[in-house]
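For reference, the chains in residue letters:
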Amino acid sequence: MRAPARGAWASDTGAAGVVHFWAPFLYRSPFHAETEEQECERALRHLEDTIAFEGPQTIAAIILETVPGTAGIMVPPPGYLTGVREICDRYGIVFILDEVMAGFGRTGHWFAADGFDVVPDLLTFAKGVNSGYVPLGGVAISAEIAATFDQRPYPGGLTYSGHPLACASAVATINAMAEERIVENAAEIGETVLGPGLRELAERHPSVGDVRGMGVFWALDLVRDKETREPLVPYNASGEANAPMAAFAAACKRNGLWPFVNMNRTHAVPPCTITPSEAKEGLAALDAALTLADEHAAR
Ligand SMILES: Cc1ncc(COP(=O)(O)O)c(C=O)c1O
C-alpha cells in the first residue's frame, strides 16, 4: 500500500464516490469573504457549483455536521443550513445532519438543527443521547423515508441494534435532561459565562485569535499574530514545532483542566450539567495557561 502523502487525511484516503466541498468558516474563509453574509452566499454558490459539476442525478445525499466539532467548532452563518436544505429539495438530494457531537443539548438546543430552524431528512446521534453510560448511536429518519420501509425490510442490521439496556439508558437520560433542565443550563452557561468569559480572554491574550461557539461547545483559535491569523503552531506540527501547544496543554493539566487540543486550537466543551462556578474555574485555568501561549504571539 502506498504511504499517504504528507498532509493527507489519516483515515479517509478518498472513499469511492464521496465528493468533499468547503463549508463556511469566516475566520479562515475559503472564499476570501469579509462578512458572514458573503461567506454564506459564496459557500452556498460553491456547493451548488459542485452539485452541477458532479451532476445532481449522481448525488444521493449531502452530509454535514450541523456545527462541525473536532474540525474546529465552526458555527454556520445565519441562512447557510436553510440554504443547503433548499438546494437539497431543489435537486432531490437527501440532507443528512450528523449530530453525534452537536446533538442532545451541547449547543444549548436539544438538537443543534433546532437552533438554525432546519429539519434534515436523516439525523445521526450518539454520545449525548445517554451521556455515554453504555455505547449507543442511532439515526432519526424522516416520516417520508421511514415509510419506504413500511412494506419491505430495511436492508441493514447490526449485532446490537436496539439493545434494550442501551435504549433504556437513553430514555432515562432524556427524562433526566428534561426534568433537570439540562439543555436550558447548557444554553445559559454559554450565554452568561462561557461566551462572555472566553471573549474576555481573547481581548486580554495576544495568542487568542478567535473565539467561536454556542452553548457548551466552544473553540479558541490560537495564533502567533492576530493580524495575520498565523496559527500558533503549523498544520499537523509535532515535536519542537508543536512546543507552544504542548506547553499550553501541560499548563492546563497542572491547573486541573483537561484540555482538548487539536493543532492550534483548544476547545472548551464541558458537560451540559456544568455549574457557573465550575465554568469560571475552567476559565481561570485557561487564563493562566494562555499566558504561556502568549510568549509565542506578537503583542
Ligand atoms: C461528529 C461525529 N460523527 C460521527 C462520529 C462517530 O460516531 P460513532 O462512533 O457513534 O459511530 C463521531 C465520533 O466521535 C463524531 O464526533
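Worth saying up front: this structure is predicted, and the values here are computed from it rather than measured.

**Digging into the nonpolar core**
Core analysis: the largest hydrophobic core is formed by 38 residues, its most contacted members being Leu194, Leu198, Leu220, Leu222 and Phe248. Here this core takes nine residues from helix H5 (residues 182-204), the largest share from any one element. Composition of this core by domain shows at least three residues from each of domain 1 (26-179) and domain 2 (182-294). Leaving out residues up to four positions away in the same chain, Leu194 has contacts with Ile189, Gly215, Val216, Trp218, Pro270, Ala279 and Leu283.

**A word on unusual backbone geometry**
Although it is not a glycine, Ser131 adopts a positive phi angle of roughly 55°. Assignment of secondary structure puts Ser131 in the loop between strand E3 (122-125) and strand E4 (138-141). Here Met263, not a glycine, exhibits a phi torsion of approximately 55°, which is positive. Residue position: Met263 is located in the loop between strand E7 (260-262) and strand E8 (265-268). Residue class for Met263 comes out partly exposed when judged on its relative accessible area of 24%.

**Re the site of the ligand**
If you check the shell around the ligand, you find Glu65, Asp98, Val100, Met101, Ala126 and Lys127 and nothing else. Separating a nitrogen atom of the ligand from a side-chain N or O atom of Asp98 is a distance of 2.6 Å. Contact distances for the ligand include 2.7 Å between an oxygen atom and a side-chain N or O atom of Lys127. Within the complex, the protein chains bury 47% of what would otherwise be the 400 Å² of accessible surface of the ligand. Among the residues forming the shell around the ligand, the class breakdown is three nonpolar, no polar and three charged.

**Let's talk about the domain arrangement of the protein chain**
Structurally, the protein chain comprises domain 1 (26-179) and domain 2 (182-294). Averaged C-alpha coordinates put domain 1 and domain 2 at centres separated by 26 Å. Taken residue by residue, the interface counts 23 residues in domain 1 and 27 residues in domain 2. Interface area, domain 1 with domain 2, both sides summed: about 2,000 Å², of which 63% is carbon and sulfur. Note that Asp221 and Arg28 form a salt bridge whose closest N and O atoms lie 2.9 Å from each other. Broken down by class, the residue content of the side of domain 1 that touches domain 2 amounts to 14 nonpolar, seven polar and two charged.

**Some thoughts on the sheet that holds strand E6 (residues 217-222)**
Reading across from one edge, E5-E6-E8-E7 is the order of the four strands in this open sheet, with antiparallel pairing throughout. Only two strands of the sheet have a single partner each, and these edge strands are strand E5 (208-214) and E7. Averaged over all pairs of adjacent strands, the angle between strand axes in this sheet comes to 20°, irrespective of strand direction. Alignment of E5 against E6, held across six bridges, turns out to be antiparallel. Of the residues in E6, the one forming a bridge with Gly213 is Trp218.

**Here we look at the packing of helix H6 (residues 243-254) against helix H7 (residues 276-294)**
Packing of H6 against H7 leaves a shortest axis separation of 8 Å and a crossing angle of 150°. By the angle between their directions, the pair H6 and H7 is classed as roughly antiparallel. Relative to H7, H6 is oriented so that their crossing is right-handed. On H7, the residues touching Ala247, Phe248, Ala251, Cys252 and Arg254 of H6 are Leu286, Ala289, Leu290 and Leu292. Its residues assigned to classes, the contact of H6 with H7 comprises eight nonpolar, no polar and one charged.

**Regarding the pairing of strand E2 (residues 94-98)**
Pairing between strand E1 (residues 61-65) and E2: five bridges, direction parallel. Note on E2: the bridge partner recorded for Glu65 is Asp98. Each parallel crossover has a hand, and for E1 linked through helix H2 (residues 80-91) to E2 it is right-handed. Strand direction decides the pairing type here: E2 and E3, joined by three bridges, are parallel. In the sheet register, Asp98 faces E3, and the bridge partner there is Thr124.

Rules behind the numbers
- Residues numbered from 1 in each chain as written.
- Predicted model: local features only at pLDDT ≥ 70, side-chain atom pairs only at ≥ 80, totals over all residues.
- Heavy atoms only, no water.
- Core = buried A, V, L, I, M, F, W, Y, C linked by side-chain atoms within 4.5 Å.
- Buried < 20%, exposed > 50% of the residue type's maximum accessible area, 1.4 Å probe, protein only.
- Helix = DSSP H or I, 4+ residues; strand = E, 2+ residues; numbered from the N terminus.
- Domains from an automatic or database assignment.
- Contact = heavy atoms within 4.5 Å.
- Near = heavy atom within 4 Å.
- Polar contact = N/O pair within 3.5 Å; in protein donor to acceptor, adjacent residues only side chain to side chain.
- Areas by Shrake-Rupley, 256 points an atom, 1.4 Å probe, with all protein chains shown as cover.
- Nonpolar A, V, L, I, M, F, W, Y, C, P; charged D, E, K, R; others polar.
- Buried area = accessible area lost by both parts, 1.4 Å probe.
- Salt bridge = Lys/Arg side-chain N within 4 Å of Asp/Glu carboxyl O.
- Pairing = 2+ DSSP bridges.
- Axes fitted to C-alpha atoms, helices over the stretch in contact; angles between N-to-C directions.
- Parallel < 35°, antiparallel > 145°, perpendicular 65-115°, else oblique.
- Left-handed = near helix turned anticlockwise from the far one by under 90°.
- Right-handed = clockwise from strand over helix to strand, strands pointing away.

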